[in-house]
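# Examination of the molecular architecture
Single-letter residue listing:
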There are 10 protein chains.
Amino acid sequence: MNDPKLSSVQTRMFQAKAQRKLSFEKIGEELGCNEVYAASIFYGQAKPTEAEIKRLCEILNIPTGHLVEEMGEHFYPSRGGLMPMPPTDPTLYRFIEMIQVFGYPLKAIIHEKFGDGIMSAIDFKANVDKVRKKRHG
Amino acid sequence: MNDPKLSSVQTRMFQAKAQRKLSFEKIGEELGCNEVYAASIFYGQAKPTEAEIKRLCEILNIPTGHLVEEMGEHFYPSRGGLMPMPPTDPTLYRFIEMIQVFGYPLKAIIHEKFGDGIMSAIDFKANVDKVRKKRHG
Amino acid sequence: MNDPKLSSVQTRMFQAKAQRKLSFEKIGEELGCNEVYAASIFYGQAKPTEAEIKRLCEILNIPTGHLVEEMGEHFYPSRGGLMPMPPTDPTLYRFIEMIQVFGYPLKAIIHEKFGDGIMSAIDFKANVDKVRKKRHG
Amino acid sequence: MNDPKLSSVQTRMFQAKAQRKLSFEKIGEELGCNEVYAASIFYGQAKPTEAEIKRLCEILNIPTGHLVEEMGEHFYPSRGGLMPMPPTDPTLYRFIEMIQVFGYPLKAIIHEKFGDGIMSAIDFKANVDKVRKKRHG
Amino acid sequence: MNDPKLSSVQTRMFQAKAQRKLSFEKIGEELGCNEVYAASIFYGQAKPTEAEIKRLCEILNIPTGHLVEEMGEHFYPSRGGLMPMPPTDPTLYRFIEMIQVFGYPLKAIIHEKFGDGIMSAIDFKANVDKVRKKRHG
Amino acid sequence: MNDPKLSSVQTRMFQAKAQRKLSFEKIGEELGCNEVYAASIFYGQAKPTEAEIKRLCEILNIPTGHLVEEMGEHFYPSRGGLMPMPPTDPTLYRFIEMIQVFGYPLKAIIHEKFGDGIMSAIDFKANVDKVRKKRHG
Amino acid sequence: MNDPKLSSVQTRMFQAKAQRKLSFEKIGEELGCNEVYAASIFYGQAKPTEAEIKRLCEILNIPTGHLVEEMGEHFYPSRGGLMPMPPTDPTLYRFIEMIQVFGYPLKAIIHEKFGDGIMSAIDFKANVDKVRKKRHG
Amino acid sequence: MNDPKLSSVQTRMFQAKAQRKLSFEKIGEELGCNEVYAASIFYGQAKPTEAEIKRLCEILNIPTGHLVEEMGEHFYPSRGGLMPMPPTDPTLYRFIEMIQVFGYPLKAIIHEKFGDGIMSAIDFKANVDKVRKKRHG
Amino acid sequence: MNDPKLSSVQTRMFQAKAQRKLSFEKIGEELGCNEVYAASIFYGQAKPTEAEIKRLCEILNIPTGHLVEEMGEHFYPSRGGLMPMPPTDPTLYRFIEMIQVFGYPLKAIIHEKFGDGIMSAIDFKANVDKVRKKRHG
Amino acid sequence: MNDPKLSSVQTRMFQAKAQRKLSFEKIGEELGCNEVYAASIFYGQAKPTEAEIKRLCEILNIPTGHLVEEMGEHFYPSRGGLMPMPPTDPTLYRFIEMIQVFGYPLKAIIHEKFGDGIMSAIDFKANVDKVRKKRHG
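Residues numbered from 1 in each chain as written. Chains lettered and ligands numbered in written order. Predicted model: local features only at pLDDT ≥ 70, side-chain atom pairs only at ≥ 80, totals over all residues. Heavy atoms only, no water.

Okay, the overall build of chain A next. When you go through chain A residue by residue, the secondary structure sums to six helices and zero strands. Ordered by position in the sequence, the α and β elements of chain A form the string α-α-α-α-α-α. Across the 137 residues that make up chain A, the buried fraction comes to 55%. Across chain A, the fraction of contacts at a sequence separation of at least 24, relative to all contacts at a separation of at least 6, is 61%. (Helix = DSSP H or I, 4+ residues; strand = E, 2+ residues; numbered from the N terminus. Buried < 20%, exposed > 50% of the residue type's maximum accessible area, 1.4 Å probe, protein only. Contact = heavy atoms within 4.5 Å.)

So, about the pattern of salt bridges. For the structure on display, the rule yields 101 salt bridges over all chains. In this structure, the salt-bridge partner of G:Asp89 is H:Lys107, at a minimum N-O distance of 3.0 Å. Highlighted residues: G:Asp89 in the loop between helix H5 (64–71) and helix H6 (90–114) and H:Lys107 in helix H6 (residues 90–114), drawn from two different chains. Look at the salt bridges and you will find they share partners, linking A:Lys26, A:Glu30, A:Arg55 and A:Glu58 into a network. (Salt bridge = Lys/Arg side-chain N within 4 Å of Asp/Glu carboxyl O.)

Moving on to the UniProt feature "domain: HTH cro/C1-type" (unreviewed entry) in chain A. The sites that carry the UniProt feature "domain: HTH cro/C1-type" (unreviewed entry) are, in the present numbering, residues 19–67 of chain A. The span residues 19–67 of chain A shows a helical share of 65% and a strand share of 0%, and its end C-alpha atoms are spaced 18 Å apart. (UniProt positions renumbered as here; feature names shortened; annotations may be inferred.)

Here we come to the environment of F:Asn2. Topologically, F:Asn2 is positioned in the segment before helix H1 (8–19). For F:Asn2, a relative accessible area of 10% corresponds to the buried category. Placed 85 residues apart in sequence, F:Asn2 and F:Pro87 show a C-alpha to C-alpha distance of 9.1 Å. Setting aside its immediate chain neighbours within four residues, F:Asn2 contacts D:Ser78, D:Arg79, D:Gly80, D:Gly81, E:Tyr104, F:Pro84, F:Thr88 and F:Asp89.

With that settled, the discussion passes to a positive patch on the surface. There is a patch of like positive charges on the surface, built from A:Lys5, C:Lys5, E:Lys5, H:Lys5 and I:Lys5. Looking at where I:Lys5 falls in the secondary structure, it is placed in the segment before helix H1 (8–19). Residue I:Lys5 is classed as exposed on the basis of its relative accessible area of 69%. (Patch = residues over 30% accessible without salt bridge, like charges linked within 9 Å, V, L, I, M, F, W, Y side chains within 5 Å. Areas by Shrake-Rupley, 256 points an atom, 1.4 Å probe, with all protein chains shown as cover. Lys, Arg positive; Asp, Glu negative; His and termini not counted. Charge placed at Lys NZ, Arg CZ, Asp CG, Glu CD.)

Another aspect to go through is the relation of the copies chain G and chain B. Of the transformation superimposing chain G on chain B, the axial component is 0.0 Å and the angular component is 72°, with the fit at an RMSD of 0.0 Å. Put plainly, the chains are arranged around a five-fold axis. Within chain G, G:Pro84 has its C-alpha nearest the rotation axis, a separation of 9.6 Å. (Least-squares fit on C-alpha atoms with pLDDT ≥ 70 in both.)

With that settled, the discussion passes to the confidence of the model for chain A. All names here are of chain A. Taken residue by residue, chain A gives an average pLDDT of 88. The fraction at 70 or more is 85%. Within chain A, no element has a lower average pLDDT than helix H5 (residues 64–71), which sits at 90, and none a higher one than helix H2 (residues 24–31), at 97. Model confidence for the complex is summarised by a pTM of 0.92, with the ipTM given as 0.91. (pLDDT = per-residue confidence, 0-100.)

The next subject is the interface of chain G and chain B. By a frequent convention, interface size equals the accessible area lost on bringing the separate parts together. With 13 residues of chain G at the contact, the number on the chain B side is nine residues. Interface of chain G and chain B: buried area, both sides summed, is about 910 Å²; carbon and sulfur atoms make up 52% of it. Of all residues in chain G, G:His74, G:Ser78 and G:Arg79 give up the largest surface area on contact with chain B, accounting jointly for 48% of the area buried on that side. Where B:Lys21 meets G:Glu73, a salt bridge forms, and the shortest distance between an N and an O atom there is 3.2 Å. (Buried area = accessible area lost by both parts, 1.4 Å probe.)

Per the UniProt record, "active site" (unreviewed entry) is found at A:Arg94, A:Glu97 and A:Ser120. Within the fold, A:Arg94 resides in helix H6 (residues 90–114).

This brings us to helix H1 (residues 8–19) of chain G. Counted at 1.5 Å a residue, the expected span for H1(G) with its twelve residues is 16 Å, and the 16 Å between its end C-alpha atoms agrees. Buried residues of H1(G): G:Val9, G:Gln10, G:Met13, G:Ala16 and G:Lys17, and no others. Mapping the buried residues of H1(G) onto a view down its axis gives an arc of 125°, with all of them on the same face. Residues G:Ser8 and G:Gln19 are exposed on H1(G) and point more than 90 degrees away from its buried face. On its buried face, H1(G) sits against helix H2 (24–31), helix H3 (35–42), helix H4 (50–60) and H5 of chain G together with H6 of chain H. Among the residues trailing H1(G), G:Lys21 stands out with phi positive, at a value near 50°. (Expected span 1.5 Å × (residues − 1). Arc of directions from axis to C-beta.)

A separate point is the side chain of C:Asn34. Along the chain, the position of C:Asn34 falls in the loop between helix H2 (24–31) and helix H3 (35–42). Within the structure, C:Asn34 has its side chain in polar contact with the backbone nitrogen of C:Val36 (distance 2.6 Å). (Polar contact = N/O pair within 3.5 Å; in protein donor to acceptor, adjacent residues only side chain to side chain.)

Our focus in this paragraph is unusual backbone geometry. All names here are of chain C. In this structure, the amide linkage connecting Met85 to the following residue, Pro86, adopts the cis form with an omega of -5°. Structurally, Pro86 can be placed in the loop between helix H5 (64–71) and helix H6 (90–114). Residue Lys21 is not a glycine yet carries a positive backbone phi of 50°. When you line up the elements, Lys21 lands in the loop between helix H1 (8–19) and H2.

Remark: the centre distance and the inter-plane angle together describe each pair of aromatic rings, the angle taken between the planes. Inspection of the entire model under this criterion finds 55 aromatic pairs over all chains. Taking the centre distance of 5.1 Å and the plane angle of 80° together, the rings of G:Phe24 and G:Phe42 count as edge-to-face. Taken together, the residues span a long stretch of sequence, with G:Phe24 in helix H2 and G:Phe42 in helix H3 at a distance of 18 residues. Assigned by exposure class, G:Phe24 and G:Phe42 land together as buried. Grouping aromatic residues by their ring pairs yields a cluster made of A:Phe14, A:Phe24, A:Phe42, A:Tyr43 and B:Tyr104. Above the face of the B:Tyr76 ring, B:Lys47 is positioned so that its terminal group lies 4.6 Å from the ring centre. (Phe/Tyr/Trp six-rings, centres within 6.5 Å; stacked < 30°, edge-to-face > 60°. Lys NZ or Arg CZ within 6 Å of the ring centre and 35° of its normal.)

Residue and element names in this part refer to chain C. Under the definition given, this model contains zero disulfides over all chains. In this structure Cys57 is a free cysteine whose sulfur lies 14 Å from that of Cys33, the closest cysteine sulfur available. On the basis of relative accessibility, which here comes to 4%, the residue Cys57 falls in the buried class. (Disulfide = S-S within 2.5 Å.)

Moving on: the environment of I:His111. Positionally, I:His111 belongs in helix H6 (residues 90–114). Sequence separation of I:His111 and I:Pro84 is 27 residues, and the distance between their C-alpha atoms is 30 Å.

If you want it as structure tokens, here you go:
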């Protein structure tokens, strides 16, 4: 199967989140951060601060020891590698499709507006909102 | 080299755009559509309406015949294929990196908010704006 | 070997199905759904409703706890990834062969009939029936 | 770009079809065959009979010489190879997605119903019809 | 290393075969089938009939229970996937080399002799015999 | 499309063969060699002897100059590379499927019969005959 | 062969450089920039300023028109894609080997020294100097 | 996830390093070697001398037995293989990006300065220092 | 990490060799065979004779039972698959580099000297000797 | 087809060699270098000295101008890339097979004899001689 492999600490975090019926939006609010950033901590894709680890353990009711050991001072994420490329899951694949189709148009507009710069994927910030379908354009 | 191959009509469109110093933002305004959609017509990734073809020819001062023949009623784009996967261009690659790192977090949030749905890559709408760098979250 | 990896709950479902000599057609009837959809629950490719989980446990005589834990409210399938691409199994490979050979013809006809739309793979519905072989066309 | 490469004869066939505003459904009716089979002749994926070549030339108003030379007695199609794998075009990719998600369920049902057989991809027959969207199952 | 992964039942079958110093030719004779077909049962590539399972257990002196559970009524092989492609083992690679070199010649002759047909890989029957080396042709 | 690229001399050989309605079986008889070997000369996969080149030119009514220049004393074929791997053409793919499914069974039998030897793909000799379909074994 | 494909303007630049026996070090000095940056303009991997284009044309004795058309205001490089990955050329491959072997050690040290940052590949600056071989460490 | 797999001895070395809050720079000083070389011992990418093993065990307070058994006289590293290619981690990927963009420029300058030589990846020596960002060149 | 996976018997053989400080050259002498052949037995790439197994067990002071069970009469090596392709280890990669660079030159010379033959990789015999570096040619 | 692409100068060199019935062994003798090195000049894999270019033009009766322009002072070969990996030609593939089978044994012996060194693929020197087949070892 195709689920990303989680460490035992990450599995425990997801289970605690499920039992407490917490959404990432809620966890983000509690941590004082974006919901996508909050979720990326659960998937081992971000390096939380000490304060974030402490707060996260309170929210999830998990002892801080395990999280500190796995995500503490010495931890720097080896990012990516959670999915095959291209991903087989349709929800994930749609992102790839966007880049296949709109990648060069976006690159052209980025350069037109900002010159020879590169958008930072790490400072990336996304919001997920439902949009009522409109015709193209 | 790594530039997407353009048809002779597409090349002419890009040259006319360059000579008239038109941005895709400006062309989008003239066509009454999003700038990313406008750019995707230039790259053969979208099917313009007859009215859009006519207006585009006026904006670029190109005879409509060629555009109609290439992008007219019988044309349906074979989308994608403009770049190798993963793309080697850093600006394009950053999009892939976002998905590698934030793909599963975004999928989790999409499902939390909207259930088992799939974001449509075709009805996708993007805006490109400069954002003053903020710390994560 | 080439079998898709199943979770222990999925393995139990397949064993119960085998012991009770239930076909997916029969299970689909009991669940009130298409047989392909019923089978895709067994392979972790669909998100069953709470009612479907409950009914499935009755049909298979399995306690609902395990299924709810694995396929309950918090579960959203990471679809795909069950087979290598292209698949080596001849029965699965024939589907790929169809797309290799008839993909562009089907795309042309889809666009001729419905314009620039995309068939939804998720709302996909298939029936499997024996067809007496006819000459092409 | 991503369009399948066509021979000069095939290009002429597509142009004649466009000028006469013929659909593949119409051409199929005229040839006395399925529309998908008719389209697959245009893409060089099927071997037309002598009678089909003759009738096709009448329908498209093309001299039979070129078609006979390219698709005549000595022609046996080298099938496939029109698209990259996986295809980048969303309409084509959806077929792959179906197999990724529903491939094993379909294999299981095929074997349940017909034993250890293999569906023939060559005798494959498809119909393209608009289906009003229904909930799964 | 490069050996195909065998299930515990398959391993037991190979061990019993080794202890009894049975060749696949001998096993095929006992089963009343071709030696290649007999070997493909050991590798999980064929679906034996109930009678074949029973006879096989007698030949190998293995209780039928395990074989029935693994290869019985509900079993349909997920064929292939035993080797990397191209295979690294020289004996296996030579088959690929034959197809690389003689594939198109064989396709041309198959079509010349039998028209647009496809040789069935499943009904495939091979004999392995030593041939005294002759010059080509 | 998917046809192997032929040199201009090879194209001429195929055209002469078509015009004279010669089969590879017939050409092989005339050359005094196996039909598969004869066809492999047309595809540039074999090194014909001087006598074979001379005889081939008589059979096809082609001046020997071109064939000598392309396939003469200094020519040693760079074999393979005519098809993608795995091949997309169903007739060619079936050979791959055979190896996927029956490769290890054949290897086991080859070693049982002949020890640690390797079948020579170059001295390979095939006959193509229609076989009335029999049940497995 | 394996050389990166150059545009006709780039070819002319390399020829002029060869005729004038100019090194990239010399050209960099004349342009007032790093030699690696100077070379990357020749390979279409950097966007030169207007002043750099003008100065480059003087150094190489090439009319500015062609360079402006190819590398002027509207040009933004589609970077990368000059070599296969991994590169087959030994000099280029050694860079990959360094990353294979020393990539994780370097990542560990970068994070130890600078935290969760990412070295910018675009602001990258290299010097090429001969170093007398020392024992490791 | 994407972390390189470590042996149990390597894991112990990393844990000891973390507990003692030792940086690779510090360890390198203690060993009398470059920090990158020191880190590459931890990742199994370098062959330490007997003296280095002994000193390393003192620094980390680990008994020498395990290190000698794993990295002693008979050990020669099978280098590389710690990351997928291209690596998904952004910090590691930036190195690849450098080579994609600046590889040919560097090759050209290496040859200009040193002739047809090849930089040794094994005698490679790197220093990691923070550089205040400068404009290109 | 990148080491070839060894069976427990092979691991024992390597450990015994290490403890006894035996080189493959020495073992080859004792077995009466080439050192490369001797090493290839340790890596499971060659089929030792019964006499070689017996002598090997004496040399390594290992009971013959395990070796006979793993490498005895019924064992035929599934060769290759010990390394990724291309290998990441520099020592192994250099062999690939040789073939990339000198492969066609060697093929040309082999054909010039011996006609359309193929060097046997299995009867391959290598000697490893230090050669004082000479200028090319 | 599968032949390495040659530049027009290289093609001319091969034609002159064929017309004069020169072997690479003979050309190597005339150039005062190894035959493999001589052949690698023809394939663009080596950088000949000025003296070698001059002598080569005398041997082949070609004006030096073209060779100097293509292989002169400014030329540094982009090595490799002449064949697909793995190569489909059996003669070339056998080299790969050797590395697959004997690569780790050779690495082990190289390290045993010479320590942690790497054989230079560039200073590589080969001789091609017919060896009377001996049993392994």
